[in-house]
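# An overview of the molecular structure
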Amino acid sequence: MADHVLVTGGAGYIGSHACKALAAAGVIPVTFDNLVTGWEEAVKFGPFAQGDLLDRARLDAVFAEYQPIAVMHFAALSQVGESMSEPGKYWRNNVSGSLNLIEAAVDSGCMNFVFSSTCATYGDQDNVVLDENSAQYPINAYGASKRAIEDILRDFETSNGLRHVIFRYFNVAGADPDGEVGEFHQPETHLIPLMLDAIDGKRDALTIFGTDYDTPDGTCIRDYVHVCDLVDAHVLGLKWLQDDKASRVFNLGTGSGFSVREVIDHSRSVTNREVPYNEGDRRAGDCTKLVSGSSRAVSELGWSPTRSTLQQMIADAWRWHQTGHYSK
Ligand code: UFG
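Residue positions are given per chain, counted from 1 along the sequence in the order it is written. Whole-chain, interface and lining totals are the exception, using all residues; otherwise, since this is a predicted model, local features are given only for residues with pLDDT of at least 70 and side-chain atom pairs are given and counted only at 80 or more. Think of the side-chain values as coming from all heavy atoms in the structure, minus any hydrogens and water.

### A look at the site of the ligand
What makes a residue near a molecule or strand is one non-hydrogen atom of that residue sitting within 4 Å of it. Neighbouring residues of the ligand: 21 residues in total, closest Thr 118, His 190, Thr 207, Arg 283 and Asp 286. In this structure, Thr 189 approaches the ligand through a main-chain N or O atom, which is 3.4 Å from an oxygen atom. The protein chains hide 93% of the 680 Å² of surface that the ligand would expose on its own. Put simply, DSSP H or I for four residues or longer makes a helix, DSSP E for two residues or longer makes a strand, and each gets a number counted from the N terminus. If you list the elements that add at least two residues to the shell around the ligand, you get helix 6 (191-199) and strand 8 (206-209). Polar contacts, as used here, are pairs of N or O atoms within 3.5 Å; protein pairs need one atom able to donate a hydrogen and one able to accept it. Residues neighboring in sequence count only if both atoms are side-chain atoms. Areas reported as accessible are Shrake-Rupley estimates using a 1.4 Å probe. Residue values count occlusion only from the protein chains shown.

### Comments concerning the side chain of Asn 94
With respect to the helices and strands, the residue Asn 94 is situated in helix 4 (residues 87-108). For every residue, the accessible area obtained with a 1.4 Å probe (protein chains only) is divided by the maximum for its type, and the residue is called buried under 20%, exposed over 50%, and partly exposed between those limits. For Asn 94, a relative accessible area of 2% gives the class buried. Of the polar contacts made by the side chain of Asn 94, one reaches the backbone nitrogen of Leu 77; its length is 2.9 Å. For this analysis, residues touch if any pair of their heavy atoms sits within 4.5 Å. Setting aside residues up to four positions removed in sequence, Asn 94 forms contacts with Ala 76, Leu 77, Lys 89, Tyr 142, Ser 145 and Ile 149.

### Describing the environment of Gln 79
Along the polypeptide, Gln 79 turns up in the loop between strand 4 (70-73) and helix 3 (80-85). Along the primary structure Gln 79 and Ala 141 are separated by 62 residues, whereas in three dimensions their C-alpha atoms are 9.6 Å apart. Those residues in contact with Gln 79 that sit more than four places away from it in its chain are Tyr 90, Pro 187 and Thr 189.

### Thoughts on the environment of Glu 82
The topology assignment puts Glu 82 in helix 3. For Glu 82, a relative accessible area of 19% corresponds to the buried category. Residues Glu 82 and Pro 47, 35 residues apart in the sequence, show an inter-C-alpha distance of 31 Å. Within the structure, the side chain of Glu 82 is placed 2.4 Å from the side chain of Tyr 90, a separation counted as a polar contact.

### Let's talk about helix 4
An expected span of 1.5 Å times one less than the residue number is assigned to each helix. With 22 residues, helix 4 extends 31 Å between its outermost C-alpha atoms, agreeing within 8% with the 32 Å of an ideal straight helix rising 1.5 Å per residue. Listing the buried residues of helix 4 in full gives Tyr 90, Asn 94, Val 95, Gly 97, Ser 98, Asn 100, Leu 101, Ile 102, Ala 104, Ala 105 and Val 106. Looking at the packing, one finds that the buried side of helix 4 touches strand 1 (4-8), helix 2 (56-66), strand 4, helix 3, strand 5 (112-118) and helix 5 (141-160). Backbone geometry just after helix 4 places Gly 109 at a positive phi near 90°.

### Thoughts on the packing of helix 6 against helix 8 (residues 260-271)
Every axis in this analysis is a line fitted to C-alpha atoms, fitted for helices over the stretch in contact. Angles between the N-to-C directions lie between 0 and 180 degrees. Interhelical geometry of helix 6 versus helix 8 gives an angle of 50° and a closest axis separation of 11 Å. Here helix 6 is positioned oblique relative to helix 8, judged by the angle of their axes. Relative to helix 8, the crossing made by helix 6 is right-handed. Along its contact with helix 6, which presents Leu 191, Ile 192, Met 195, Leu 196 and Ile 199, the element helix 8 presents Val 260, Val 263, Ile 264, Ser 267 and Thr 271. Each residue receives one of three labels: charged for Asp, Glu, Lys and Arg, nonpolar for Ala, Val, Leu, Ile, Met, Phe, Trp, Tyr, Cys and Pro, and polar for the others, Gly being one of them. Looking at the contact of helix 6 with helix 8 residue by residue, the classes come out as eight nonpolar, two polar and no charged. Angle categories are assigned with fixed cut-offs, so that under 35 degrees is roughly parallel, over 145 is roughly antiparallel, 65 to 115 is roughly perpendicular, and the rest are oblique. Should the near helix be turned counterclockwise from the far one by less than a right angle, the crossing is left-handed, whereas a clockwise turn marks it as right-handed.

### Considerations on the sheet that holds strand 4
Two strands pair under a simple rule: DSSP has to find at least two bridges between them. Taken in spatial order, the seven strands make up an open sheet running 3-2-1-4-5-6-11, and their pairing is parallel. Looking at strand neighbours, the two that pair on one side only are strand 3 (48-50) and strand 11 (248-252), the edges of this open sheet. Ignoring strand direction, the axes of neighbouring strands in this sheet form an average angle of 20°. Inspection of the sheet shows strand 6 (residues 163-169) paired to strand 11 by five bridges, in the parallel sense. Paired with Val 165 across the bridge in strand 11 is Arg 248.

Limitation: the analysis is restricted to geometry and does not speak to function.
Written out as structure tokens, the structure reads:
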């Protein structure tokens, strides 16, 4: 019998791609998801245990039933803007929920933990190369909640020996090239899917949030990484823990930054369509520039992000956008 891995948020965008990658690697992904932002139709690669991270009894039952060898913890609220207006939601769901999950894992004897953190924990640091040793000064409640969970993991390693790999994601984009799963948020807040919607008239023109940033074209710069490359790193992270290597933090970005205007230009060339857009005010909580300055995941994990060109991410997102979607 293959081993089980508990995948929280397995019905969501990144979690569902991770389940596909785990199944391909020979482990059984058990999705734990409350379906608040996830989609049951995205659970295709292993069993589904519906539940909420704030429900400790449900977590205990799922750990007892599946006895997972590891947890991959994707489930979280992740909208930077919303986290600025409703911080309580972020501290309760992300931090209290993760604490429940970590305690349930430790109490059940599951001591391998892979955690989805974010470059938003670094905050806005002008002219600083963001590597894993960079100071973390989040400027939004989302990033602060993720930094807090990183601290909780370190404390539980000290107290109980919980071994962990922390991945700090840069901007995840693209979709499964086979079209089995893809990005579908309700409401959508992310740049690329919003832009694709605007291109084919599914919604109004894209608004560029701020054109007066201190960047060459005035718009924010991000480091985009293909979701399939990103989840490959998680499979390597699981192996890292199974090989008894020490807890470690890895940035997951490519080191190349693109401005909002550059993403618009690429989308125009990939889709051969005009991108309707207008220029608006800055969005609260946005950092000017978030680009990874580290290749630790490549050199230590053996990660090889081969699909993370802007061209391929937009092309895969566009294919999914035209053919795939979920319905409640
Ligand atoms: N943007 C626009 N208009 C929009 C949407 C986004 O101009 O309608 C801009 C944003 O201001 C930002 C860039 O496009 O400069 C990317 O925005 P996203 O909302 O796609 O992504 P974020 O950078 O805000 O956040 C994402 C994830 C977070 C993660 C973060 C790390 O949502 O979970 O990347 O940078 F932490």
